[in-house]
Amino acid sequence: MAEEVHIEDFIKTEKQKAFDHDFFKGAESYEKWEDVDMDAMYDGRKTFEVKVEDIRAFSEGILDDNPLFNDEAAAKDGPFGGLIAHPIFITPIAFWLTEEGPGNWIRTPGAINPGQIIEYYEQIRPGDVIHGKTGFYDKWLKRGKRYLTYVTEYYRQDDVMVAKGWGTLILPTSTGEDTHKF
Amino acid sequence: MTSVTFDSVILDMKLPDVVRKVDQRVITQNAVASLDYNPIHVNPKWAKEVNLLGKGTTIAHGMCTFAFMTSVVTDWCYAGGGFITRLESKFIHPVRPGDTITCSGVVSEIHPRKKGQSFVVIELGAENQTGTKVAVAKARVRLPE
């Protein structure tokens, strides 16, 4: 029998401790494929303050030991003058910013990731305070599956856009806890 | 390691592979790191109950595979000041606990532009231990001159 693995064994940062990891809780209230507002653009009030522990924990979680993403002292002598986040660090930012409210459909249990597009304009560094503007981009049916894309612009504290993402998931047809399947 | 510059790159140049072994510990640690706790990744009991994707096992995050592929590029050029400006990915086949993923990259396009704006495109791929392609991606990378 496979060893049981516990989420709690890996939680260490402040944000990881604060974040609700039960995606079933409140799932009935998540935005639905059928109901998304195609016109609204949401300027989120929640922010992600980037800390060294966030950057390091993410690098560890993707098995990347590049000193630029892990070692403050080594990164200071590097080309970026300090620690920077791995490009895919945009993922915990996205989930943190959409814990509640617009875009929370990304928490839908059973949703499948078909692929993503992300553009980068600036490095993300410790001390940056990121907020997002998100809204509907596209939704479609293909081979019996329901795809939904939101576009999100990520800004730092001086209102410079650091990244932009076109986030897409295939959403299941049911929202009941027992039947999140296709 | 020699810094990668725009002038040092040629078409079809192969980047060093990145190899990652995936098990449920890796998947769960990635869930915590990415704040993505979709039960398809972290709940083996639920995955079995719904017979997830016909095999009833959890699957790794697509974004984790994407991160592995991205690391092919960051390992190759970030120490010299390279900077990814665009990434796009497609996830083709589920990655499951027990898989070993090999990620590879090749320079497919070279875009000479004004100083400081030249970039290359890297075609990335990830396959599992049976040679099955699990994901593809493309990275646009600005390199120092």
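Because the structure is predicted, anything quoted here is derived from the model rather than measured.

### Some points on the overall build of chain B
- Assigned secondary structure in chain B consists of four helices and five strands.
- C-alpha extents for chain B along the principal axes are approximately 55 × 30 × 25 Å.
- In chain B, the proportion of contacts linking residues at least 24 apart, taken out of those at least 6 apart, comes to 68%.

### Some remarks on the interface of chain B and chain A
- Each partner contributes to the interface: chain B provides 41 residues, whereas chain A provides 40 residues.
- Elements that contribute at least two residues to the side of chain B that touches chain A include exactly helix H1 (24-34), helix H2 (39-42), helix H4 (62-77) and strand S2 (83-91) of chain B.
- When grouped by side-chain class, the residues that make up the side of chain B that touches chain A number 20 nonpolar, 14 polar and seven charged.
- Relative to S2 of chain B, strand S3 (residues 117-120) of chain A runs antiparallel, the two being bridged by three bridges. Within S2 of chain B, the residue paired with Glu 119 of chain A across the bridge is Arg 86 of chain B.

### Looking at the nonpolar core
- Of all hydrophobic cores here, the largest spans 81 residues; its most connected members are Ile 93 of chain A together with Phe 68, Met 69 and Val 141 of chain B.
- It is H4 of chain B that provides the largest number of residues to this core, a total of 10 residues.
- For Val 141 of chain B, the residues in contact, after removing those within four places along its chain, are Val 73, Cys 77, Gly 82, Phe 83, Ile 84, Phe 119, Val 120 and Ile 122 of chain B.

### Structural notes on the environment of Ser 104 of chain B
Residue and element names in this part refer to chain B.
- By secondary structure assignment, the location of Ser 104 is in strand S3 (residues 100-111).
- Its 18 C-beta neighbours within 10 Å are what place Ser 104 among the partly exposed residues.
- Separated by 63 residues in sequence, Ser 104 and His 41 have C-alpha atoms that sit 24 Å apart.
- With residues up to four places along the chain from it excluded, the contact list for Ser 104 reads Asp 17, Val 72 and Gly 125.

### Brief notes about helix H4 (residues 90-97) of chain A
- With eight of eight residues buried, H4 of chain A lies mostly within the body of the structure.
- Considered for burial, the residues of H4 of chain A that qualify are Ile 90, Thr 91, Pro 92, Ile 93, Ala 94, Phe 95, Trp 96 and Leu 97 of chain A.

So, how was this worked out
- Residues numbered from 1 in each chain as written.
- Chains lettered and ligands numbered in written order.
- Predicted model: local features only at pLDDT ≥ 70, side-chain atom pairs only at ≥ 80, totals over all residues.
- Helix = DSSP H or I, 4+ residues; strand = E, 2+ residues; numbered from the N terminus.
- Contact = placed C-beta atoms within 7 Å.
- Nonpolar A, V, L, I, M, F, W, Y, C, P; charged D, E, K, R; others polar.
- Pairing = 2+ DSSP bridges.
- Core = buried A, V, L, I, M, F, W, Y, C linked by C-beta atoms within 7 Å.
- Buried ≥ 20, exposed ≤ 12 C-beta atoms within 10 Å, placed from the backbone.

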